[in-house]
Amino acid sequence: MPALRELQEDFRRALLEGAADAVAALIETGDLSAEERLDVHRNNLFASLTAALRDTFPAVCRLVDERFFAYAAHEFIRLRPPARAVLADYGADFPAFLADFPPCRELAWLADVARLEWLMAHAARAAEAEPLGAAALAGVAPEDTPRLGLWLHPALGYLASPFPVDRIWRANRPEGDAAAVDLDAGGVRLELGRRGGEVVMRPLGQASFAFRQALAQGAALEAAAARALIVEPAFDLARALGDLFRDGAVVAAEVLFPAMEAMP
Amino acid sequence: MISEANGNSAIPAAIGIGLRAPHLAEIIATRPALGWLEVHAENYMGGGPALTQLEVVRRDYRLSLHGVGLSLGSAEGIDAAHLGRLKLLVDRLEPFLVSEHLSWSVSGGAYLNDLLPLPYTEEALDIVAANLAQAQDALGRPLLLENPSGYLRFRHSTIAEPDFLAELVRRSGCRLLCDVNNIVVSASNLGFDAKAYLDALPAAAVAEIHLAGHAATERGGRTLLIDDHGSRVAAPVWALYRRALAHFGLVPSLVEWDRNLPALPVLIEEARRAEGMAQDVGGGDAGTA
């Protein structure tokens, strides 16, 4: 008789990897075999997690069709089962999994569509936060401005793709426009957020994408501006900052590394 | 009527429904007369707009939090982070009931998203009792523990499930959520007598009853019942509910529906049926709040 911990490890392997011998020997059979009984739990596990992934990645599911999606999801669940019991958080690794999944190799754009859907799901359920007014910067000393950190709204997300993933996504909504999408139409830089409870997606120019994405990654103001200036030497920081506050994108501001006291 | 037998004097008996996201807006807009609502705790752990909406509902209804992810049966212990998320939600929503399951779903840090069966042994009893104590200490209140739906039984089990539950009540001070659909499903799949099981539960500890639909599937010419919450409550479950009411008194009862979620009025119709039955048995007002 195995210790409970060992039994649970064997049971997990029986469900995920199909290696059921160790557990099957412990199960009363009667008129159903141990395998038939274990199958109920195996089905519960794979069907419920596949449904959770389908809820988060509906356009991916339409693009590859239901059966292929179930196959890809099964492989993903087997290799990367959830690490926590909050299903809305499951699937962060699914885009990267699809990028490396050999049967999808021809579909170079698929992983980016998945990344887009992950950011949309995130935007829909991210915590609420009160936007900060630009007046909050009034007290920041000029010498501290370069080291200013701006915390963006938790719903905001940024995605750059060499493919027109926004158009691919639109064409694959249930109520879809179903128009053919020209995959060579060029890439996009997208900002995802939430307005009035609805997820909003909009394309950004190269410089403001670089600026906002850098801030979202935790860069201080000067470093974020530098990234924008690399792609667009005419980047106007004052204007970009104004836009950011006007969009309600900033929820907190803090000088990241205050100037050192002068040494005696 | 308030049941004296189970000491539920603070909780007037009433019938509730499981609240699922597609019905949330309609509940807020129409405010149907229901005793209370129950939600799955894990669906609101991310915070955000869903939780804000639930707080709106909470102003008009008593709320019960039903957890599915704590994994009280895990030998590796319960996830402190998950317990912390549950506590945040309990503090914020102030539910009148908080329940979990006699099962496990986490092994090796992987969450298997199913309510998996335990062997009923002294070792398992110690493990569940310790996990329960940790959870109840953190939450500062007793949990209700739900009897699972069963599809298999371990050869080395030495304790009958109702006795296992009764011992957990004795050791931890937890209370019980008696799912009568699960009893019907397990009794059919594992070949035991549903009425005898119900009668063996410690009646005074039962603080909530669940009702739901199940599905019947064929495996090798043998019928297997699946607890899928995907249809109306079946006749044998209603019959056992009548017995449960007589046995446990008018404890808060809930109609759950998850798969093939119907229009809200269908769910309310099922709740009315439970209400009628509760009034028949109790002879009192088990009705709407």
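Computed from a prediction, not measured in an experiment: that's the story for all the values here.

**A look at the overall build of chain A**
Helix and strand content of chain A: 11 helices and 5 strands. Compactness check: chain A gives a C-alpha radius of gyration of 24 Å against a globular reference of 18 Å for 264 residues, more than 25% above the reference. Scored against the burial criterion, the 264 residues of chain A give a buried share of 44%. Counting contacts in chain A only where the partners sit at least 6 residues apart, residues at least 24 apart contribute 65% of the total. About 13,300 Å² of surface is accessible on chain A, with carbon and sulfur atoms providing 54% of the total. If you average the places of the 26 positive and of the 38 negative side-chain charges in chain A, the two averages end up 2 Å apart.

**Here's the deal with the domain arrangement of chain A**
Interfaces are frequently sized by the accessible area removed from exposure as the parts join. One can read the domain layout of chain A as domain 1 (1–107) and domain 2 (128–264). Summarising the inter-unit geometry, the C-alpha centres of domain 1 of chain A and domain 2 of chain A are found 37 Å apart.

**A closer look at the nonpolar core**
Ranked by size, the top nonpolar core spans 135 residues in total, and within it Phe-11 of chain A together with Leu-168, Val-180 and Tyr-241 of chain B carry the most contacts. Considering each element in turn, this core owes the most residues, 8 residues, to helix α4 (residues 122–139) of chain B. Both of domain 1 (1–107) and domain 2 (128–264) of chain A provide at least three residues apiece to this core. Look past the residues within four positions of Phe-11 of chain A in its chain and what remains in contact with it is Val-23, Leu-38 and His-41 of chain A together with Trp-104, Leu-116, Pro-117, Leu-152 and Phe-154 of chain B.

**Considering the interface of chain A and chain B**
At the junction of the two partners, chain A supplies 43 residues and chain B supplies 44 residues. The contact between chain A and chain B buries some 3,800 Å² in all, and 60% of this surface belongs to carbon and sulfur atoms. When the buried surface of chain A facing chain B is broken down by residue, Leu-4, Gln-8 and Ala-85 of chain A rank first, second and third, together holding 17% of it. Applying the counting criterion to the chain A and chain B interface returns 2 salt bridges. One salt bridge connects Asp-31 of chain A with Arg-222 of chain B, and the closest N-O pair in it is separated by 2.7 Å. One can count 17 residue pairs in polar contact (both at pLDDT 80 or more) joining chain A with chain B.

**Some remarks on the pairing of strand β5 (residues 104–107) of chain B**
All names here are of chain B. One ladder, built from 3 bridges, connects β5 with strand β6 (residues 110–116); its direction is antiparallel. Across the sheet, the residue bridging to Ser-107 is Ala-110, located in β6. Two successive antiparallel strands, β5 and β6, enclose a turn made up of 2 residues, where Gly-108 displays a positive phi of approximately 55 degrees.

**Things to note about the pairing of strand β1 (residues 148–152) of chain A**
All names here are of chain A. Summarising burial for β1: 4 of the 5 residues are buried, a large majority. Bridge count between β1 and strand β5 (residues 250–255): 5 bridges; the pairing is antiparallel. Across the sheet, the residue bridging to Trp-151 is Ala-252, located in β5.

**Looking at the packing of helix α9 (residues 206–216) of chain A against helix α10 (residues 221–231) of chain A**
Residue and element names in this part refer to chain A. Between α9 and α10, the least distance of the axes is 8 Å, while the angle of their chain directions is 155 degrees. Our classification of the angle between α9 and α10 gives roughly antiparallel. When the axes of α9 and α10 are compared, the crossing they make is right-handed. For the pair α9 and α10, contact is made by Gln-206, Ala-207, Ala-210, Phe-211, Ala-214 and Leu-215 and by Leu-221, Ala-224, Ala-225, Arg-227, Ala-228 and Val-231, respectively. For the contact of α9 with α10, a count of residues per class yields 10 nonpolar, 1 polar and 1 charged.

**Comments concerning the side chain of His-214 of chain B**
All names here are of chain B. Along the polypeptide, His-214 turns up in the loop between β9 (206–212) and β10 (215–219). Separated by 2.7 Å, the side chains of His-214 and Asn-181 make a polar contact. If we skip the residues at most four places from it in the chain, His-214 touches Asn-181, Val-184, Val-185, Leu-225, Ile-226, Asp-227, Asp-228, Ser-231, Ala-234 and Val-237.

Rules and cut-offs
- Sequence order sets the numbering: in each chain, residues are counted from 1 along the sequence as written.
- Starting at A for chains and at 1 for ligands, labels are handed out in the order in which the entities are written.
- The model is predicted, so local features are restricted to residues of pLDDT at least 70 and side-chain atom pairs to those at 80 or more, both for listing and for counting; the totals for chains, interfaces and linings are taken over all residues.
- Water and hydrogen atoms were dropped before computing side-chain values, which therefore reflect all heavy atoms in the structure.
- In this description a helix means any DSSP run of H or I spanning at least four residues, a strand means any run of E spanning at least two, and both kinds are numbered starting from the N terminus.
- Note that the radius of gyration is over C-alpha atoms, with the globule rule given as 2.2 Å times the number of residues to the power 0.38.
- Summary of the burial criterion: residues with accessible area below 20% of their type's maximum are buried, those above 50% are exposed, and those between are partly exposed, where the area comes from a 1.4 Å probe applied to protein chains only.
- In what follows, residue pairs with any heavy atoms lying within 4.5 Å of each other are defined as contacts.
- Only the protein chains shown count as cover for residues, and all accessible areas are computed by the Shrake-Rupley method using a 1.4 Å probe.
- Lys and Arg are tallied as positive, Asp and Glu as negative. Neither His nor the chain termini are counted.
- To locate a charge, take atom NZ for lysine, CZ for arginine, CG for aspartate or CD for glutamate.
- Marked domain ranges trace back to an automatic or database domain assignment.
- Put simply, buried Ala, Val, Leu, Ile, Met, Phe, Trp, Tyr and Cys residues joined by side-chain atoms within 4.5 Å make one nonpolar core.
- By definition, the buried area sums, over both parts, the 1.4 Å-probe accessible area that each loses when the two are put together.
- The working definition used for a salt bridge is a side-chain nitrogen of Lys or Arg within 4 Å of a carboxyl oxygen of Asp or Glu.
- Two N or O atoms count as a polar contact when they lie within 3.5 Å, although within protein this holds only if one can serve as hydrogen donor and the other as acceptor, and sequence-adjacent residues are included solely when both atoms are side-chain atoms.
- Two strands are said to pair when DSSP picks up at least two bridges between them.
- Helix axes are fitted only over the stretch in contact, all axes being lines through C-alpha atoms; the angle between N-to-C directions runs from 0 to 180 degrees.
- Here the word oblique covers every angle except those under 35 degrees (roughly parallel), over 145 (roughly antiparallel) and from 65 to 115 (roughly perpendicular).
- Crossings are sorted by hand: turned counterclockwise from the far helix by less than a right angle, the near helix makes the crossing left-handed, and turned clockwise it makes it right-handed.
- Each residue is assigned to one class: nonpolar for Ala, Val, Leu, Ile, Met, Phe, Trp, Tyr, Cys and Pro, charged for Asp, Glu, Lys and Arg, and polar for all the others, Gly among them.

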